[in-house]
Amino acid sequence: MSTERVGGYPEVELPDDFGDSTSWQRARDEETRVKPLTRAEWMVRVGDGDRHRVVFGTRSGQPVGECDCKGYTHHEWCTHLAAVFLAYCRQEIVVADLEADPDEELAMLWRQYRQEGEA
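Small disclaimer: the values here were computed from a predicted structure and weren't measured. (Residues numbered from 1 in each chain as written. Predicted model: local features only at pLDDT ≥ 70, side-chain atom pairs only at ≥ 80, totals over all residues. Heavy atoms only, no water.)

Novice: How would you summarise the overall build of the protein chain if you had to cite specific residues and measurements?
Specialist: Within the protein chain one finds 4 helices and 4 strands. Beginning at the N terminus, the succession of helices and strands in the protein chain can be written as α-β-β-β-β-α-α-α. Summarising the internal contacts of the protein chain: among those between residues at least 6 apart in sequence, 54% fall at separations of at least 24. Of the roughly 7,600 Å² of accessible surface on the protein chain, a fraction of 44% belongs to carbon and sulfur atoms. (Helix = DSSP H or I, 4+ residues; strand = E, 2+ residues; numbered from the N terminus. Contact = heavy atoms within 4.5 Å. Areas by Shrake-Rupley, 256 points an atom, 1.4 Å probe, with all protein chains shown as cover.)

Novice: Which residues make up the UniProt feature "domain: SWIM-type" (unreviewed entry) in the protein chain, and what values go with them?
Specialist: Residues annotated by UniProt as "domain: SWIM-type" (unreviewed entry) correspond here to residues 52-89. Each end of residues 52-89 is marked by a C-alpha atom, and these two atoms are 20 Å apart; helix forms 45% of the span and strand 37%. (UniProt positions renumbered as here; feature names shortened; annotations may be inferred.)

Novice: Residue-level account of the packing of helix H1 (residues 22-29) against helix H3 (residues 79-89), with values.
Specialist: Packing of H1 against H3 brings their axes to within 8 Å, and their N-to-C directions diverge by 50°. Taken together, H1 and H3 sit at an angle that is classed as oblique. In terms of crossing hand, the pair formed by H1 and H3 is right-handed. Judged by residue contacts, Thr22, Ser23, Trp24, Arg26, Ala27 and Arg28 of H1 engage Thr79, Ala82, Ala83, Phe85 and Leu86 from H3. Here the residues of the contact of H1 with H3 sort into 6 nonpolar, 3 polar and 2 charged. (Axes fitted to C-alpha atoms, helices over the stretch in contact; angles between N-to-C directions. Parallel < 35°, antiparallel > 145°, perpendicular 65-115°, else oblique. Left-handed = near helix turned anticlockwise from the far one by under 90°. Nonpolar A, V, L, I, M, F, W, Y, C, P; charged D, E, K, R; others polar.)

Novice: Tell me what's going on with the pairing of strand S2 (residues 41-46), and back it up with residues and numbers.
Specialist: Counting buried positions along S2 gives 5 out of 6 residues, so the element sits mostly inside the fold. Sheet analysis places strand S1 (residues 32-36) next to S2, joined by 5 bridges and oriented antiparallel. The partner of arginine 33 across the bridge, within S2, is arginine 45. Between the end of S1 and the start of S2, which pair antiparallel, lie 4 residues. Relative to strand S3 (residues 52-59), S2 runs antiparallel, the two sharing 4 bridges. For tryptophan 42, the partnering residue across the bridge sits in S3 and is valine 54. A loop of 5 residues connects S2 with S3, the two strands running antiparallel in sequence, and glycine 47 in this loop sits at a positive phi of about 60°. (Buried < 20%, exposed > 50% of the residue type's maximum accessible area, 1.4 Å probe, protein only. Pairing = 2+ DSSP bridges.)

This is the structure we're talking about:
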């Protein structure tokens, strides 16, 4: 895992054959658990595999992230990153804008929460 500060992570680039990749198929077909740790860190488990820490957010609207697993280290793409990306695309999770001030982002999320009648 990179030691870069949040906001410096690489853009998520889908491999040319990502739809046919084992990583994507596992993320799509197996049970996945994506749990937030911080505003930009997620604990991800796909199927019966090990849990891995994924950093994922957006920068200028572009998804950015990385994973601490060996698959990501070797291919810059893995099942865990695919699982978070898929949850993001399905709007199952809200990800941080890594360029936003955390206090401003929290205020925006609170306003959104109140507008939806949850508070």
